[in-house]
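Understanding the architecture of this molecule
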Amino acid sequence: MRRKRSYARVLVVSTLVGCLEVALTVVVVLIHVRTQPPPDTPPDWTAIGGSLVSLTPLIGFISFLLSLVLVLPAVALADLVVRGLGARAAWGEAVAAPLAVAALLAAPVWIVARYNDAPTGATLVFWAAATGSLSLGALIALPRGEGLLRRVALWGAAVVAGTGLLGALGLAVGLLPAYEPPRIGPRTVTGTWSDQIGNTLVFTADGRVTSDGVGGRSSFDYPRDPAPSCSGTGTWVYEGGRDARSQRVLVEIPGCAWPAWGVGGTARAPRIHQEIGGSGSGVLYELRKAS
């Protein structure tokens, strides 16, 4: 005789799975960030970490609410379907639970999508992703044996920690492509580069450069590193350096006291930049190559 299901345990296990999924997502995003070009302003990781910790109760509550409204009814419906059809419980529940989650999600997702005029493709992708996430909680909560909560907690924590460890190891040994600036050269430098408000540096192949308003920073926006805009004509030299991170573009224009420009962006969208806001701030003033 099969043991009676504890729906309270289903609720707790599904809530825990939801929290572990969020933790795994955070780890994967952090690893992915290391493979992308850095933003103009570096993120405050201390503040982000503090926000995540402070949001933990809210994440737990949302996971509990979704489990209560969607996962628990899906498991109950799966039990009814299996009993009604006389299917083998093991595979019957494993098929019926995700189908029930998908059915329960369909109406609210469709209503929200219609209200926000969301594209059909994006709506279907979100519906499939949400179904998969919640179905995982339902499937993991289906077994009736003892010690399920403890096993889920241990294995879930191991998966999250293992993913972080493997990601860090992959970045360290080069298995994952940690971000590197693109290797450019004089040919790539030649052309027009502009900032976000249209000020430009125009490099020509004969080593001449013309600046139109580049570098202007008000004391209000950048109290630690203000600078007047600079316009004029001068010369430029590209230095390859030892590696991609040490390459520089030297620009000399009378009246423009600029340090060397570093290289960033990607091969398709290269950028040159200077650090502003004081040494070590990580805040960049960037120029982008015009297409």
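Residues numbered from 1 in each chain as written. Predicted model: local features only at pLDDT ≥ 70, side-chain atom pairs only at ≥ 80, totals over all residues. Heavy atoms only, no water.

**Points about helix α5 (residues 148-173)**
Between its first and last C-alpha, α5 extends 37 Å over 26 residues, near the 38 Å set by a 1.5 Å rise per residue. Three or more residues of α5 are buried, namely L148, V152, G156, V160, G167, G170 and L171. Those residues of α5 hidden inside the fold are in contact with α1 (7-33) and α4 (120-141). Note on α5: the residue one or two positions beyond its end, G174, has a positive phi of about 90 degrees. (Helix = DSSP H or I, 4+ residues; strand = E, 2+ residues; numbered from the N terminus. Expected span 1.5 Å × (residues − 1). Buried < 20%, exposed > 50% of the residue type's maximum accessible area, 1.4 Å probe, protein only. Contact = heavy atoms within 4.5 Å.)

**Here's the deal with the packing of α1 against α4**
Two elements in contact, α1 and α4, have axes separated by 8 Å at closest approach and are oriented at 135 degrees. As far as their axial angle goes, α4 and α1 are oblique. In this structure, α1 crosses over α4, and the sense of that crossing is right-handed. Together, V10, V13, S14, V17 and E21 of α1 and S133, L136, G137, I140 and A141 of α4 make up the contact between the two elements. Along the lines of polarity and charge, the residues of the contact of α1 with α4 split into 6 nonpolar, 3 polar and 1 charged. (Axes fitted to C-alpha atoms, helices over the stretch in contact; angles between N-to-C directions. Parallel < 35°, antiparallel > 145°, perpendicular 65-115°, else oblique. Left-handed = near helix turned anticlockwise from the far one by under 90°. Nonpolar A, V, L, I, M, F, W, Y, C, P; charged D, E, K, R; others polar.)

**Observations concerning the side chain of Q274**
Looking at where Q274 falls in the secondary structure, it is placed in strand β7 (residues 270-276). Looking at Q274, its side chain comes within polar contact range of the main-chain oxygen of P259, at 3.2 Å. Apart from the residues within four sequence positions on either side, Q274 is in contact with W258, P259, A260, W261, V283, L284 and Y285. (Polar contact = N/O pair within 3.5 Å; in protein donor to acceptor, adjacent residues only side chain to side chain.)

**Comments concerning the nonpolar core**
In this structure, V13, V75, L105, L134 and V152 are the most contacted members of the largest nonpolar core, which totals 27 residues. Broken down by secondary-structure element, the contributors of at least two residues to this core are α1, α2 (45-85), α3 (89-115), α4 and α5. The contacts of V152, once residues within four sequence positions are left out, are V13, L16, V17, L20, I140 and A157. Membership of the second largest hydrophobic core comes to 21 residues, among which are C230, V249, V251 and C256. (Core = buried A, V, L, I, M, F, W, Y, C linked by side-chain atoms within 4.5 Å.)

**Looking at the state of the cysteines**
Overall, the coordinates contain 1 disulfide when judged by the stated rule. Sulfur-sulfur distance for the disulfide between C230 and C256 comes to 1.3 Å. Taking the torsion about the S-S bond as the criterion, the C230 to C256 disulfide, at about -50 degrees, is left-handed. Taken together, the residues C230 in strand β4 (residues 230-239) and C256 in the loop between β5 (248-252) and β6 (261-265) connect sequence positions 26 residues apart. Owing to a relative accessible area of 9%, C256 belongs among the buried residues under this scheme. (Disulfide = S-S within 2.5 Å.)

**Details of the environment of L284**
Along the chain, L284 falls in strand β8 (residues 283-289). Note: C-alpha distance between L284 and I272 (12 residues apart in sequence) is 9.4 Å.

**Digging into the pattern of salt bridges**
Enumeration according to the criterion identifies 2 salt bridges in this entry. Linking R271 and E286 is a salt bridge whose minimum nitrogen-to-oxygen distance equals 2.7 Å. Of this pair, R271 sits in strand β7 while E286 sits in strand β8, and the two are 15 residues apart along the sequence. (Salt bridge = Lys/Arg side-chain N within 4 Å of Asp/Glu carboxyl O.)

**Thoughts on the sheet that holds strand β2 (residues 200-203)**
Sheet architecture is closed into a barrel: 8 strands sit in the order β1-β2-β3-β4-β5-β6-β7-β8, paired in antiparallel fashion. The sheet shows a mean angle of 35 degrees between the axes of neighbouring strands, direction not considered. Relative to strand β3 (residues 208-214), β2 runs antiparallel, the two being bridged by 4 bridges. Looking across to β3, one finds that L201 is bridged to S211. (Pairing = 2+ DSSP bridges.)

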